[in-house]
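Chain residues, written in single-letter form:
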Amino acid sequence: MIYDLTREELEKYFLDNNDKKFRAEQVFKWLYQKKIKKYEEMTDIKKETLEKLNNDLPIERVKLVNVERDKDVNKYLFKLKDNEHIEAVLMRHDYGNSICVSSQIGCNMGCKFCESGRRKKIRNLTSGEIVTQVLEVEEDIKERITHVVVMGIGEPFDNYDEVIRFCKIINDPKGLAIGSRHITISTCGIIPKIREFSDLDMQINLAISLHAPNTELRSKIMPINKAYPLNDLMKEIKKYVEKTNRRVTFEYILLKNVNDTEIHAKELAKLLRGINCYVNLIPYNETENIEYERSNMFQIMKFYDILKKENINVTIRKEFGSKISAACGQLRSKKEEK
Ligand code: SAH
């Protein structure tokens, strides 16, 4: 389908079909700026060309089936071609509209605290299925989306090629023109892909779901740490920061009596010392099916203060959407549960 293609790939399609390269730019403008949904509306392209396009690369989007609205946040449920469901979340910030997109149906990473990972991966999403989450939400709010985080259901680096293709499509100046500095990919730490990402010539932000300051604890709550242990992960991240000169974000959820003590905070500060980074402390969102509890505010502030004192850049994540189960780690498709 057409939304799976970068402009470069579409240029190649036209060249292969004895047409002009700039046709791709025309199509991109129709799709992403005028946001039309039918080829026949592309009035500056020949009818035969459009018919062929419609055959080769149909215009198909994920299908919006439900929206839940809260104050600054909407949660969207989408149905896919194979009747699977995924979710995306829109957050209204003072700096703009940010969307959190899903990258897979289910997830194989098995993090113990995460609701989205309770369902095994069914398949990867295609780039077009990720792109059209953005288009559908823009259409719903009738406003531009300025920021994108790949932090919904799935492990983006377990679907690396499609996620990067997605980034290229939405970043394209002839497309949605979402600045790469406004795009963030979050990973639980798949080292070979972090390496590949270091060499990617785009200024996309990288976030690492860290959640533990030592490897023993990390293995207990995040099975991925057995394949890619913390020490190796930290080495790779240091290389990434050196190579790209970019700051990396560490996400750290605070789980009561698991990873939230003063000792953990000091250990974390030591682990991160000297790395150009900042830490995003996430109050844990409790879910029905998982036993972990949220640290109390006092403990969260204490953790925060210790990191501050150790000169680590740190913020506590603004909370969004827990009322409608749209917050971090709560996304899944309730529908499939039935
Ligand atoms: N798989 C990727 C992308 C998901 S990002 C990753 O792991 O980074 C979603 C973030 O929310 C991750 O940092 C995840 O660890 C965190 N998270 C999972 N469950 C949570 C919960 N119940 N409360 C708060 N954060 C949670």
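Note that the structure is predicted; figures quoted are calculated from it, not measured.

Novice: Mind showing me how you'd approach the overall build of the protein here?
Specialist: When its secondary structure is counted, the protein shows 12 helices and 12 strands. What you see for the protein is a C-alpha radius of gyration of 21 Å, in line with the 20 Å of a compact globule of 338 residues. With the principal axes as the frame, the protein shows a C-alpha extent of 70 × 45 × 35 Å. Taken over 338 residues, the protein has a buried fraction of 56%. Considering only contacts in the protein between residues 6 or more positions apart, those separated by 24 or more positions represent 65%. Accessible surface, the protein as shown: approximately 15,900 Å² in total, 47% of it carbon and sulfur.

Novice: Can you walk me through the domain arrangement of the protein in this structure?
Specialist: How big an interface is tends to be expressed through the accessible area that disappears when the partners come together. Taken domain by domain, the protein consists of domain 1 (2–56) and domain 2 (63–337). On a C-alpha basis, the centres of domain 1 and domain 2 stand 33 Å from each other. Facing 13 residues of domain 1, the contacting portion of domain 2 comprises 17 residues. Taking both sides of the interface into account, the surface hidden between domain 1 and domain 2 amounts to around 1,300 Å²; carbon and sulfur atoms contribute 56%. Among the residues domain 1 hides against domain 2, the three largest losses belong to Tyr3, Asp4 and Tyr32. Together they make up 39% of the total. In this assembly, domain 1 and domain 2 are joined by five salt bridges. Scanning the region where domain 1 abuts domain 2 turns up eight residue pairs in polar contact (both at pLDDT 80 or more).

Novice: When you look at the packing of helix H4 (residues 127–141) against helix H5 (residues 160–171) in this model, what are you seeing that I'm missing?
Specialist: Between two packed helices, the angle of one axis relative to the other and the distance separating the axes together describe the packing. At a minimum axis separation of 8 Å, H4 and H5 run at an interaxial angle of 45°. One way to sum up the angle between H4 and H5 is to call them oblique. Classified by chirality, the crossing of H5 by H4 is right-handed. Contacts between H4 and H5 involve Ser127, Ile130, Val131 and Val134 from the former and Glu162, Val163, Arg165, Phe166, Ile169 and Ile170 from the latter. For the contact of H4 with H5, the per-class residue count stands at seven nonpolar, one polar and two charged.

Novice: When you look at the site of the ligand in this model, what are you seeing that I'm missing?
Specialist: Surrounding the ligand, one finds 19 residues, the nearest of these being Ser186, Ser209, His211, Tyr284 and Asn285. One nitrogen or oxygen atom from the side chain of Glu155 is found 3.0 Å from a nitrogen atom belonging to the ligand. In this structure, a nitrogen atom belonging to the ligand sits 2.9 Å away from a main-chain N or O atom of Asn285. Expressed as a share of its isolated accessible area of 540 Å², the protein-covered part of the ligand is 95%. Elements with a contribution of two residues or more to the shell around the ligand: strand E8 (183–187) and strand E10 (248–254).

Novice: Just to check I follow, could you spell out the pairing of E10 for this structure?
Specialist: Look at any regular strand and the pattern is simple: side chains alternate between the two faces of the sheet. Summarising burial for E10: seven of the seven residues are buried, a large majority. Note that strand E9 (residues 205–209) and E10 share three bridges and pair parallel. The residue of E10 that forms the bridge with Ser209 is Glu251. For E10 and strand E11 (residues 277–283), the ladder comprises seven bridges, and the chain directions are parallel. Bridged to Ile253 within E11 is Ile282. Running through helix H10 (residues 262–272), the crossover from E10 to the neighbouring parallel element E11 is right-handed.

Calculation rules
- Residues numbered from 1 in each chain as written.
- Predicted model: local features only at pLDDT ≥ 70, side-chain atom pairs only at ≥ 80, totals over all residues.
- Heavy atoms only, no water.
- Helix = DSSP H or I, 4+ residues; strand = E, 2+ residues; numbered from the N terminus.
- Rg over C-alpha atoms; globule rule 2.2 N^0.38 Å.
- Buried < 20%, exposed > 50% of the residue type's maximum accessible area, 1.4 Å probe, protein only.
- Contact = heavy atoms within 4.5 Å.
- Areas by Shrake-Rupley, 256 points an atom, 1.4 Å probe, with all protein chains shown as cover.
- Domains from an automatic or database assignment.
- Buried area = accessible area lost by both parts, 1.4 Å probe.
- Salt bridge = Lys/Arg side-chain N within 4 Å of Asp/Glu carboxyl O.
- Polar contact = N/O pair within 3.5 Å; in protein donor to acceptor, adjacent residues only side chain to side chain.
- Axes fitted to C-alpha atoms, helices over the stretch in contact; angles between N-to-C directions.
- Parallel < 35°, antiparallel > 145°, perpendicular 65-115°, else oblique.
- Left-handed = near helix turned anticlockwise from the far one by under 90°.
- Nonpolar A, V, L, I, M, F, W, Y, C, P; charged D, E, K, R; others polar.
- Near = heavy atom within 4 Å.
- Pairing = 2+ DSSP bridges.
- Right-handed = clockwise from strand over helix to strand, strands pointing away.

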